[in-house]
6 protein chains.
Amino acid sequence: MRPNGRKFDELRAVSIERNFTKNVAGSVLISIGDTKVICTATVENNVPRFLRGSGQGWLTAEYGMLPGATTERFDREAARGKQSGRTIEIQRLIGRSLRCCVDLDQLDGTTIYVDCDVIQADGGTRTAAITGGAVAVLDALTSIGHEDAFIGFVGAISVGIVDGEACLDLEYVEDSKADTDMNIVMLNSDSFVEVQGTAEGALFNREELNTLVDLAKKGICELQSYQRGSFELSS
Amino acid sequence: MRPNGRKFDELRAVSIERNFTKNVAGSVLISIGDTKVICTATVENNVPRFLRGSGQGWLTAEYGMLPGATTERFDREAARGKQSGRTIEIQRLIGRSLRCCVDLDQLDGTTIYVDCDVIQADGGTRTAAITGGAVAVLDALTSIGHEDAFIGFVGAISVGIVDGEACLDLEYVEDSKADTDMNIVMLNSDSFVEVQGTAEGALFNREELNTLVDLAKKGICELQSYQRGSFELSS
Amino acid sequence: MRPNGRKFDELRAVSIERNFTKNVAGSVLISIGDTKVICTATVENNVPRFLRGSGQGWLTAEYGMLPGATTERFDREAARGKQSGRTIEIQRLIGRSLRCCVDLDQLDGTTIYVDCDVIQADGGTRTAAITGGAVAVLDALTSIGHEDAFIGFVGAISVGIVDGEACLDLEYVEDSKADTDMNIVMLNSDSFVEVQGTAEGALFNREELNTLVDLAKKGICELQSYQRGSFELSS
Amino acid sequence: MRPNGRKFDELRAVSIERNFTKNVAGSVLISIGDTKVICTATVENNVPRFLRGSGQGWLTAEYGMLPGATTERFDREAARGKQSGRTIEIQRLIGRSLRCCVDLDQLDGTTIYVDCDVIQADGGTRTAAITGGAVAVLDALTSIGHEDAFIGFVGAISVGIVDGEACLDLEYVEDSKADTDMNIVMLNSDSFVEVQGTAEGALFNREELNTLVDLAKKGICELQSYQRGSFELSS
Amino acid sequence: MRPNGRKFDELRAVSIERNFTKNVAGSVLISIGDTKVICTATVENNVPRFLRGSGQGWLTAEYGMLPGATTERFDREAARGKQSGRTIEIQRLIGRSLRCCVDLDQLDGTTIYVDCDVIQADGGTRTAAITGGAVAVLDALTSIGHEDAFIGFVGAISVGIVDGEACLDLEYVEDSKADTDMNIVMLNSDSFVEVQGTAEGALFNREELNTLVDLAKKGICELQSYQRGSFELSS
Amino acid sequence: MRPNGRKFDELRAVSIERNFTKNVAGSVLISIGDTKVICTATVENNVPRFLRGSGQGWLTAEYGMLPGATTERFDREAARGKQSGRTIEIQRLIGRSLRCCVDLDQLDGTTIYVDCDVIQADGGTRTAAITGGAVAVLDALTSIGHEDAFIGFVGAISVGIVDGEACLDLEYVEDSKADTDMNIVMLNSDSFVEVQGTAEGALFNREELNTLVDLAKKGICELQSYQRGSFELSS
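Residues numbered from 1 in each chain as written. Chains lettered and ligands numbered in written order. Predicted model: local features only at pLDDT ≥ 70, side-chain atom pairs only at ≥ 80, totals over all residues. Heavy atoms only, no water.

Chemist: Describe the overall build of chain A, naming the residues involved and giving the relevant values.
Modeler: Per the secondary structure count, chain A includes five helices and nine strands. Ordered by position from the N terminus, the helices and strands of chain A form the series β-β-β-β-α-α-β-α-β-β-α-β-β-α. The C-alpha atoms of chain A give 17 Å as radius of gyration, which agrees with the globular expectation for 235 residues (18 Å, within 12%). Projected onto the principal axes, the alpha-carbon positions of chain A cover approximately 50 × 40 × 35 Å. The burial tally for chain A puts 62% of its 235 residues in the buried class. A sequence separation of at least 24 residues applies to 67% of the contacts in chain A between residues at least 6 apart. Summed over all atoms, the accessible surface of chain A reaches about 8,700 Å², with 45% contributed by carbon and sulfur. Looking at chain A, you have 23 positive and 35 negative side-chain charges, and the mean spots of the two groups are 4 Å apart. (Helix = DSSP H or I, 4+ residues; strand = E, 2+ residues; numbered from the N terminus. Rg over C-alpha atoms; globule rule 2.2 N^0.38 Å. Buried < 20%, exposed > 50% of the residue type's maximum accessible area, 1.4 Å probe, protein only. Contact = heavy atoms within 4.5 Å. Areas by Shrake-Rupley, 256 points an atom, 1.4 Å probe, with all protein chains shown as cover. Lys, Arg positive; Asp, Glu negative; His and termini not counted. Charge placed at Lys NZ, Arg CZ, Asp CG, Glu CD.)

Chemist: Talk me through the relation of the copies chain A and chain E; I want residue IDs and the actual numbers.
Modeler: For the pair chain A and chain E, the best superposition has an RMSD of 0.0 Å and corresponds to a rotation of 180° with a translation of 0.0 Å parallel to the axis. The operation mapping one copy onto its partner corresponds to a two-fold rotation axis. When the interface residues of chain A are mapped onto chain E, 100% of them again fall at the interface, so both copies present the same face. (Least-squares fit on C-alpha atoms with pLDDT ≥ 70 in both.)

Chemist: Outline the sheet that holds strand 6 (residues 155–162) of chain F, listing residues and values.
Modeler: Taken in spatial order, the eight strands of this open sheet run 7(E)-6(E)-8(E)-9(E)-9(F)-8(F)-6(F)-7(F), and their pairing is antiparallel. Here the strands that pair on one side only, and so sit at the sheet edges, are strand 7 (165–168) of chain E together with strand 7 (165–168) of chain F. In this sheet, adjacent strand axes meet at a mean angle of 20° when their direction is disregarded. Pairing analysis gives four bridges linking strand 6 of chain F to strand 7 of chain F, with the strands arranged antiparallel. Bridging across to strand 7 of chain F, G160 of chain F finds its partner in C167 of chain F. The strands touched by helix 2 (residues 85–99) of chain E are strand 8 (180–188) and strand 9 (191–199) of chain E together with strand 9 (191–199) of chain F; relative to strand 9 of chain E, the strand with the most contacts, the crossing angle is about 160°. Where helix 3 (residues 125–143) of chain F meets the sheet, it contacts strand 6 and strand 8 (180–188) of chain F, and its direction lies at approximately 160° from that of strand 6 of chain F. (Pairing = 2+ DSSP bridges. Axes fitted to C-alpha atoms, helices over the stretch in contact; angles between N-to-C directions.)

Chemist: Residue-level account of the side chain of Q227 of chain E, with values.
Modeler: The residue Q227 of chain E is located in helix 5 (residues 206–234) in this model. Filtering out sequence-adjacent residues up to four positions away, Q227 of chain E remains in contact with I16, T131, A134, V135, F153, V154 and G155 of chain E.

Chemist: Account for the interface of chain A and chain E, naming residues and giving values.
Modeler: Accessible area lost on assembly of the parts is the figure often given for the size of an interface. Chain A puts 34 residues into the contact, and the matching count from chain E is 34 residues. Buried area between chain A and chain E, both sides added, is near 2,800 Å², and the carbon and sulfur share of it is 49%. It is N23, R73 and R76 of chain A that lose the most area in chain A upon contact with chain E, and together they represent 24% of the buried surface on that side. Put simply, chain A and chain E have twelve salt bridges between them. Residues E62 of chain A and R73 of chain E are paired through a salt bridge, measuring 2.9 Å at the closest nitrogen-oxygen approach. For the interface between chain A and chain E, the tally reads 18 residue pairs in polar contact (both at pLDDT 80 or more). Taken together, the elements giving at least two residues each to the side of chain A that touches chain E come down to strand 3 (35–44), strand 4 (58–65), helix 1 (77–80) and strand 5 (111–120) of chain A. Counting residues per element, the side of chain A that touches chain E draws most heavily on strand 5 of chain A, at six residues. (Buried area = accessible area lost by both parts, 1.4 Å probe. Salt bridge = Lys/Arg side-chain N within 4 Å of Asp/Glu carboxyl O. Polar contact = N/O pair within 3.5 Å; in protein donor to acceptor, adjacent residues only side chain to side chain.)

Chemist: Before we move on, can you summarise the environment of E174 of chain D with the specific residues and values?
Modeler: Residues and elements named next belong to chain D. Within the fold, E174 resides in helix 4 (residues 172–175). With 51 residues separating them along the chain, E174 and G123 place their C-alpha atoms 8.3 Å apart. Setting aside chain neighbours within four positions, we find E174 in contact with R2, P3, R6, V162 and D169.

Chemist: Break down the sheet that holds strand 1 (residues 14–18) of chain D for me, citing the residues and quoting the values.
Modeler: All names here are of chain D. Strand order in the open sheet made by the five strands is 1-2-3-5-4, with mixed pairing throughout. With partners counted over all chains shown, the strands left at the sheet margins are strand 1 and strand 4 (58–65), one partner each. Each adjacent strand pair in this sheet contributes to an overall mean axis angle of 15°, direction not counted. Of the strand pairs in this sheet, strand 3 (residues 35–44) and strand 5 (residues 111–120) are connected by nine bridges, and their pairing is antiparallel. Bridge pairing in strand 5 links I38 to D117. In the packing of helix 2 (residues 85–99) onto the sheet, the strands contacted are strand 4 and strand 5, and the crossing angle to strand 4 comes to about 145°. Sheet strands touched by helix 3 (residues 125–143): strand 1, strand 2 (26–32), strand 3, strand 4 and strand 5. Its angle to strand 3, the strand with the most contacts, is close to 35°.

Chemist: Lay out the arrangement of the chains with the relevant residues and their values.
Modeler: For the non-touching pair chain C and chain E, the nearest C-alpha separation works out to 12 Å. When C-alpha atoms are compared, chain B and chain F, though not in contact, are closest at a spacing of 12 Å.

Chemist: A description of the state of the cysteines should follow, citing residues and the corresponding values.
Modeler: On inspection of all chains with the given rule, the structure shows zero disulfides over all chains. As a non-bridged cysteine, C167 of chain E has C221 of chain E as the owner of its nearest cysteine sulfur, 19 Å distant. Taking the relative accessible area as the measure of exposure, C167 of chain E reaches 2% and is therefore buried. As a non-bridged cysteine, C116 of chain F has C39 of chain F as the owner of its nearest cysteine sulfur, 4.2 Å distant. (Disulfide = S-S within 2.5 Å.)

Chemist: Give me the pattern of salt bridges: which residues, what numbers.
Modeler: Summed over all chains, the structure comprises 126 salt bridges over all chains. The shortest N-O distance in the salt bridge between K22 of chain A and D34 of chain E comes to 3.1 Å. Of this pair, K22 of chain A sits in the loop between strand 1 (14–18) and strand 2 (26–32) while D34 of chain E sits in the loop between strand 2 (26–32) and strand 3 (35–44), each in a different chain. Here E194 of chain B makes a salt bridge to R96 of chain B, at a shortest N to O gap of 2.6 Å. Residue E194 of chain B is located in strand 9 (residues 191–199), and its partner R96 of chain B is located in helix 2 (residues 85–99); the two are separated by 98 residues in the primary sequence. Judged on exposure class, the residue E194 of chain B and its partner R96 of chain B are both buried. Each of R2, R6, R12, D122, D169, E171 and E174 of chain A takes part in a single network of salt bridges with overlapping partners.

Chemist: Talk me through the confidence of the model for chain A; I want residue IDs and the actual numbers.
Modeler: Per-residue confidence for chain A gives a mean pLDDT of 95, with 99% of residues at or over 70. With pTM at 0.91, the complex prediction returns an ipTM value of 0.93. (pLDDT = per-residue confidence, 0-100.)

Chemist: Quick rundown of the packing of helix 2 (residues 85–99) of chain C against helix 3 (residues 125–143) of chain C? Include the residues and the values.
Modeler: Residue and element names in this part refer to chain C. Relative to each other, helix 2 and helix 3 sit at 40°, their axes nearing to 10 Å. When the interaxial angle is binned, helix 2 and helix 3 end up oblique. As for the relative orientation of helix 2 and helix 3, their crossing is right-handed in sense. Taking contact as the criterion, the partners of R86, E89, I90, L93, I94, S97 and L98 in helix 2 are, on helix 3, T125, R126, A129, I130, G133, A134 and V137. When its residues are assigned to classes, the contact of helix 2 with helix 3 shows eight nonpolar, three polar and three charged. (Parallel < 35°, antiparallel > 145°, perpendicular 65-115°, else oblique. Left-handed = near helix turned anticlockwise from the far one by under 90°. Nonpolar A, V, L, I, M, F, W, Y, C, P; charged D, E, K, R; others polar.)

Chemist: Got a sec to walk through unusual backbone geometry? Specific residues and values, please.
Modeler: Residue and element names in this part refer to chain A. Phi angles above zero are rare outside glycine, and N4 is one such case at about 60°. On the secondary structure map, N4 appears in the segment before strand 1. In the Ramachandran plot, D169 falls in the positive-phi region, its phi being about 60° despite a non-glycine side chain. Checked against the element boundaries, D169 lands in the loop between strand 7 (165–168) and helix 4 (172–175).

Take a look at the structure:
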């Protein structure tokens, strides 16, 4: 009933490739189905003004979409001179989420920049960015000898109600007809970082909310295996 | 234990004043405690390009903060030439939420603009904007003879975990030390429009999520009485 | 002959409400007829670069119009990313005028920001902003123990020639058909701060210039009574 | 007592050179003392949206300062991506003033653009721009066979109170220490287009206002001789 | 003497991978040494205003650098709100060059957008973008049945004088100390599209100019084999 | 066969007027045929961040076109809020070229700004800007007692193939139909600073490249006589 016969609670194929590019401390290509995002993490020796003298480090994220990532060309935001509201909303979510996997108190004077650039989009780009970004963050922390500041892998997935059924990991054709779309970010099986649910068409009730949260929890646990696995494979 | 001896599940004082200014179809001053937002709704005879010929109308929202609304002057975004990420995130939430109280199929060729300008900020400005905005929307629909397109009052409230306690309707001093901050938007007692929960400090678990949703539901029911009441009082 | 039977040399109803909002040192709601402007004054401990080390303080003003202030929705300048020429011209006038009611030599290292936001527009918004702003400035100076730096209330009013008659305090329907429109700012009965007269349709001659200046002087004297009165009432 | 022994009511040397550049309908180099402004007028076959179908033409003006026009390099506004408040205020004044020398009812469907670019600045650039611009406008109207739409030469001059003396045509060193600075625009000896007086240091009284207006009137009459003369000399 | 023992007239390892991503008509990953650029080509059914009614199609290019492509993080231009001068200069060169491999007369009403995004930078990104872009253009033309409009593969390479020696295909460490840096674009062995030589340190003489042009010609011939080969391999 | 019977290897009339305006250290009006550019050079006591502490000075250039310089009005870039790609490309070329006539090692802590503003455009504005700019630079260096840092006059000219003939110094009507357009910058008869050749219509071959370079060399030698001559005439 879902595209390619996927089950309602089944993730698409996941791959996480570390060291995808050189030059930066952390560089990850994450693929979740046909969604592909390059996540890089770089380290700079400064913090934003509001943290100077606080003893805290910082982590911030930026998100972009290559013009050729979508079926209809996506206007280049650098050329338009402005990031869209959608882009800004997404990168704020990524930043908040990834800050939860780092103990900023151990990073005084240091900022980690996580850049998530979508090279192919098929739904779930923001959650793929968070999941891949967490891996890049660990590589970046390791590169500066601060792997102890890593709290754990934050994972994220989208869930939604499509044609009346709660589904895990929506791809684009599902996402565009979903009645409810929810993005959930977790650190472990009972620790929520972010829950963002939006009624797109029909509203959702308490029971549906519960079902969706359960689905997401299952998916995120699996994603965290891939995150951990990416370190085993490459070592 | 809360400021002014408020109970954990108690709203601040609420007032909703319709027809606060002339010139526009809907104009509401909503006060929730010391948070005060002017919500105006205006009607224009056009729709965005992506809806032309679709038979659908549209509703969009913008949000602003007067420079004197906060204790430290809030830089005027028009002067900086750019809306902040926070502003953009908030006005997208308001727009999505208020679209759920209107049957856009009945509004072909019409756009309703809801402008929410905070004149005094003490926490919960985005949820006050949604709650007050819904009232302005009904007045705007009535002004064009389309009150039938009004589906119902969407209400919104913030809830959060402060010092380990789940609290309803956070004011600024609470919000700034909350571990979890959640904004919930509902149409009625079992219809969610939006659930946005963010771990600020400690993460939240499933039980806390449930408790916060319950608290929000209680608060929103009360807010909807105020929304309905604002029409009785003034008739 | 004027709307509501007003006399040619008669002001509209004036009210000046101090402490309209909390959070800032000076907060005034001024109403002149249906024109309503919130004027807030905030104090910051720095001065612009060109004044550092000069021993002088500074006062600057910004002006805005809420989107719902006018009959046709006024595009939000923060969203357009640019203040209009009209806005910039007005806020420069407000700033220059209000600097004349403060002895900047006594305010070394301090800047007063005056924000004037129009919530309802019916002509004369810039002169109302100056008149109300002066009151907010005195409250701000008092809040930092510098009431001695207050020189006096600057008042401002528009005058114009409408249908061949010199009129005091133009409301919108008059302003839009005026041949000449003049904004005058005075500190006292023989001290001009600013005289800005513009021929909109027919040009004006020397005699008309004199008549308009006389009318403005009368109106400003009355406004200054309201400014002073706002302190008596509230004490 | 004034620089170069100028009398208080004496203009600096004035020259108006028509056809300063090719390519455009009107091109004037005006020099008033060391202030030099290139004023060009071009004609386009369209009008702004708000005039379409009104039967009226339009005239608009833009003002710029070459980076090398001033002693300290003037930052290029195109590079900064923003016109300053001063520039915007000035070009609005130029536009309003020059619209008074054209009967727009005769120019249906046509816009005249007047560009005033200062190549050397020594005080009075905005009034020189208006005075030179009026000459370029007549050339532009003639080029399209509409010289009948020309109402007359608008002339403009600055006056001010410097060291207690009312002076005509302030140069930079005078302007920077003036107590009052006034820009006056006239069409003929008893027709005012614009009066803009600003107290810079000390305020001005009614008698000073009268004296300054008289001085300006004298100066503008002389400038209008130069404007007329520029056509006689070159024919 | 060169890094990795490369000969002065030797290219780095070249690979051209077609169909690197889905969703677009042409998608190429080109690697030249450690420089990697994603080149996508998309087709839209419109042309810029200046070509409407001309019977001609158009091709335009945009260039970007992912923040993690360089050793020091490269500021995201979308976030800064402005493309740098370098970016603009590069994308204009790419556009001019690629227009030479298409017969625009056969593409009435159609625009091809070529987007070149650098994911890893090690010198020669603009010439790699042109070389890879030409391959994406052929795929895009084929996708709309217009392969006949393809004139031929334009190839591009950088050459320069490093430590007194003329070198082909500069990598970053060479480029940064080159005395002369030249980018050459050719369609075939005696057809130049663009020659851009810049003295960075020492100036270059006529003989050096000739030597560099010869070197570039050799390198471009080899690149064109890779371009052709990318079609054979994948068919 | 060329306009005005010019020979293929003949420059248009050249004039270089030093001290064209006051206020700045170097001010040159260069006319090449009907192309007229004001080049000013100003000196500031600071260097860009990337040079601080390096012991080096800097030279940078900006380019602009007055709106009335072209037959169709050229939109003012300051008003549009953005410099065009063409402007940015040109001013980067001017800056790179003029840096070659100065020994920056002798100018520690100093930046020379060269502003080139076209007041009349008839082809070749960028090369006229470089040629005139070099003269302004020498005047600026002399004004600060650093004439020893002047290496020599850089000269620049455009050449191109028009109707099959290689031509020196293209004017606008030639430039707009040229098949190849090349801008060449030289310091002396065998020292190239920049070679930029672009195929506009037909591509160019090696022989044409050689012919164009020879033509440019001849023209630049003549321009350098005018540059030197401008100092003799005025002394």
